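Here are the chains, one letter per residue:
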Amino acid sequence: MDTAQSIDALRHGVRQARHDGRRIAFVPTMGNLHAGHLALVARAREVADYTVVSIFVNPFQFGEGEDFLTYPRTVEADCVQLEQSGVDLLFLPEAEAIYPEGPARCTRIEVPELGDVLCGAFRPTFFRGVATVVGILFNAVAPDVALFGEKDYQQLILIRRMVRDLKMAIEVLGVPTIRERDGLAMSSRNRYLSEAQRRAAPSLYLTLCELRDTLRRGAPDRASVEAAGIKTLQARGLRPDYLVVRRAVDLGLPQADDKDVRILAAAWLGRARLIDNIAV
Ligand code: PAF
């Protein structure tokens, strides 16, 4: 596995691969890799023949008072895992390579509407930070295909919208969520959970599964399912930010004839903010 720290070195590696006729896949990450990230890499290697992974804890997507400084950084262990997974090129930039004059002075990308709802309503600058860094990384790598986890479902469809609107010639693939044996979606932030909180955490997914079954049986109406979901999460010791039923393609309110519907939720357990979603 080669490692590049500068944009020039990254472009050099990718140019060479392209010259050799290889199809380029890209997996952006913030490191602290787990089986969810490795599933993205495995899928990347199935759909392309040169895989680039980035590790960059993007300061621009953390709001004030959020966990930028304490976000887990495990670069050495990450490198071992990526090497063993057959990654071709790791991009490991310092913040100056991405934001030479700092994030505040960088040209930014906003995705209206999709970036303002659900997680965007609770973390108002989050999706601007995500779209901006992913836009920069997409320009630097210029991949044929990029892979994102379905756990961050809103992020996945927001990136798809950005690619569509900015006419980027990149295919965006979603990869199903990888879960612990008890159903908890894998996430770097799960390590913030105490033992007791970790035992309670799978109840987020359990609640989503129960609501999905209720909807499949023909639930009375969306609003009552959402209200019941919020109550259940609270009764199970979580502090929900939201739990909603939305159209999968654009997170709009589902109409009677919409077939592709998802339930999405975010809830706090101690200092861990868990997010998850499920297809109905
Ligand atoms: O999902 C993540 O890890 C991040 O939001 C991403 C896409 C790497 C951008 O920093």
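The structure under discussion appears in the preceding block.
Residues numbered from 1 in each chain as written. Predicted model: local features only at pLDDT ≥ 70, side-chain atom pairs only at ≥ 80, totals over all residues. Heavy atoms only, no water.

Draft legend 1. Spatial organisation of unusual backbone geometry. With phi around 50°, A142 is a residue other than glycine that occupies positive phi space. Topologically, A142 is positioned in the loop between α6 (126-141) and β5 (145-149). Accessibility expressed as a relative area gives 39% for A142, which makes it partly exposed. One non-glycine residue, L251, lies in the positive phi region at around 60°. Assignment of secondary structure puts L251 in the loop between β7 (239-247) and β8 (261-269). (Helix = DSSP H or I, 4+ residues; strand = E, 2+ residues; numbered from the N terminus. Buried < 20%, exposed > 50% of the residue type's maximum accessible area, 1.4 Å probe, protein only.)

Draft legend 2. Summary view of the packing of aromatic side chains. Summed over the entire model, instances satisfying the criterion amount to eight aromatic pairs. Ring centres of F56 and Y99 lie 6.2 Å apart, and the angle between their planes is 50°; this geometry places the pair in the tilted category. Of this pair, F56 sits in the loop between β3 (50-55) and α3 (75-84) while Y99 sits in the loop between α4 (95-98) and α5 (119-122), and the two are 43 residues apart along the sequence. Looking at Y99, the relative accessible area reads 4%, which means it is buried. An angle of 70° between the planes, with centres 6.0 Å apart, marks the rings of F60 and Y99 as edge-to-face. Note that F60 is positioned in the loop between β3 and α3 and Y99 in the loop between α4 and α5, a separation of 39 residues in sequence. A relative accessible area of 8% places F60 in the buried class. Feature note: the residues F26, F138 and F148 constitute an aromatic cluster, connected by ring pairs. Lying over the aromatic face of F126, R123 brings its terminal NZ or CZ to 4.1 Å of the ring centre. Between R271 and the ring centre of Y192, over which it is positioned, the NZ or CZ distance is 4.0 Å. (Phe/Tyr/Trp six-rings, centres within 6.5 Å; stacked < 30°, edge-to-face > 60°. Lys NZ or Arg CZ within 6 Å of the ring centre and 35° of its normal.)

Draft legend 3. Quick peek at the pattern of salt bridges. In total, this model carries 18 salt bridges according to the counting rule given. For the salt bridge of D182 with R198, the shortest nitrogen-to-oxygen distance reads 2.9 Å. Highlighted residues: D182 in the loop between β6 (171-175) and α8 (195-200) and R198 in helix α8, separated in sequence by 16 residues. Classification of D182 by relative accessible area gives partly exposed; the value is 38%. Taking the shortest distance from any N to any O, the salt bridge between E226 and R246 comes out at 3.4 Å. Here the residue E226 occupies a position in helix α10 (residues 222-235), and R246 occupies one in strand β7, the gap between them amounting to 20 residues. (Salt bridge = Lys/Arg side-chain N within 4 Å of Asp/Glu carboxyl O.)

Draft legend 4. Fine view of the nonpolar core. Judged by nonpolar contacts, the single largest core of 51 residues is most densely connected at L10, V52, F138, I159 and M162. The leading source of residues in this core is α6, at 11 residues. Leaving out residues up to four positions away in the same chain, V52 has contacts with L10, V14, I24, A25, F26, V27, L89 and V141. Judged by nonpolar contacts, the second largest core, of 25 residues, contains Y192, V245, A265 and I278. (Core = buried A, V, L, I, M, F, W, Y, C linked by side-chain atoms within 4.5 Å. Contact = heavy atoms within 4.5 Å.)

Draft legend 5. Quick look at the sheet that holds strand β9 (residues 272-279). Spatially, three strands are ordered β7-β8-β9 in an open sheet, and the strand pairing comes out antiparallel. In the strand order of this sheet, the two ends are held by β7 and β9, each with one partner. Averaged over all pairs of adjacent strands, the angle between strand axes in this sheet comes to 10°, irrespective of strand direction. Relative to β8, β7 runs antiparallel, the two being bridged by eight bridges. Residue pairing across strands places R239 opposite W268, the latter belonging to β8. Contacts from α10 reach β7 and β8, with the element oriented near 155° to β7. (Pairing = 2+ DSSP bridges. Axes fitted to C-alpha atoms, helices over the stretch in contact; angles between N-to-C directions.)

Draft legend 6. Summary view of the environment of L89. On the secondary structure map, L89 appears in strand β4 (residues 89-91). On the basis of relative accessibility, which here comes to 2%, the residue L89 falls in the buried class. With 35 residues separating them in the primary sequence, L89 and S54 have C-alpha atoms 8.5 Å apart. Look past the residues within four positions of L89 in its chain and what remains in contact with it is M1, D2, T3, A4, L10, G13, V14, Y50, T51, V52 and V53.

Scope: geometric values only; no functional claims are made or implied.
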